[in-house]
Amino acid sequence: QLRLKESGGGSVQAGGSLRLSCVVSGYTYSSNCLAWFRQAPEKEREGVASIDSHHETTYSDSVKGRFTISQDKEKNSVYLEMNDLKPEDTAMYYCAAQWACPDGLASPLSVSSYNYWGQGAQVTVSL
């Protein structure tokens with residue numbers, strides 16, 4: 001089994017930046033697909049950004065140009081750089097993984113594409 005732990009959440013004013021980290025432990029495989037999701041109260045969980053084993057990235061329209069997903073395989077970690085944050089970005093952020101993903105995913109921002117999840121990290125953006 002895989003274990004995912006997020007860190008780096010917190011509160012920031014609009015226009016500020018935060019960097020989320022997620023460490024994957026338990027079992028590692030080079031052909032992983034990793035992603036960040038977020039969920040605000042009474043809203044559906046939505047995909048924010050993903051990265052596959054070929055370093056191909058996918059972003060939701062709402063964060064494209066502001067957020068950047070990256071990974072450090074030596075540290076078994078995936079990151080989400082969040083810039084120019086807006087109040088609409090306020091949510092619980094989750095990292096997710098699909099360990100067997102040699103050819104990427106047909107729907108990289110779909111919840112059903114991942115089978116391992118972290119506990120979440122709260123991000124709050126104020127005016």
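These lines cover the structure that appears in this document, whether it is placed above or below. (Residues numbered from 1 in each chain as written. Predicted model: local features only at pLDDT ≥ 70, side-chain atom pairs only at ≥ 80, totals over all residues. Heavy atoms only, no water.)

With respect to the overall build of the protein chain
So, point 1. The helix and strand inventory of the protein chain stands at zero helices and eleven strands.
So, point 2. Ordered by position from N to C terminus, the α and β elements of the protein chain give β-β-β-β-β-β-β-β-β-β-β.
So, point 3. At 14 Å, the protein chain has a C-alpha radius of gyration in line with the 14 Å of a compact globule built from 127 residues.
So, point 4. Based on the C-alpha atoms only, the size of the protein chain along its principal axes is roughly 40 × 25 × 25 Å.
So, point 5. Taking all 127 residues of the protein chain together, 43% fall into the buried category.
So, point 6. Taking the contacts inside the protein chain whose residues are at least 6 apart along the sequence as the reference set, 60% of them involve residues at least 24 apart.
So, point 7. Each charge class in the protein chain can be summarised by its mean position, and for the 11 positive and 14 negative side chains these summaries are 4 Å apart. (Helix = DSSP H or I, 4+ residues; strand = E, 2+ residues; numbered from the N terminus. Rg over C-alpha atoms; globule rule 2.2 N^0.38 Å. Buried < 20%, exposed > 50% of the residue type's maximum accessible area, 1.4 Å probe, protein only. Contact = heavy atoms within 4.5 Å. Lys, Arg positive; Asp, Glu negative; His and termini not counted. Charge placed at Lys NZ, Arg CZ, Asp CG, Glu CD.)

With respect to the side chain of Ser113
So, point 1. With respect to the helices and strands, the residue Ser113 is situated in the loop between β9 (91–98) and β10 (116–117).
So, point 2. What Ser113 contacts, discounting residues up to four positions off in sequence, is Gln98, Leu105 and Ser107.

Some points on the pairing of strand β3 (residues 18–25)
So, point 1. Relative to β3, strand β1 (residues 3–7) is paired through five bridges, and the arrangement is antiparallel. For Glu6, the partnering residue across the bridge sits in β3 and is Cys22.
So, point 2. Bridge count between β3 and strand β8 (residues 77–82): six bridges; the pairing is antiparallel. Paired with Arg19 across the two strands is Glu81, which belongs to β8. (Pairing = 2+ DSSP bridges.)

No statement about biological role is implied by the geometric values presented.
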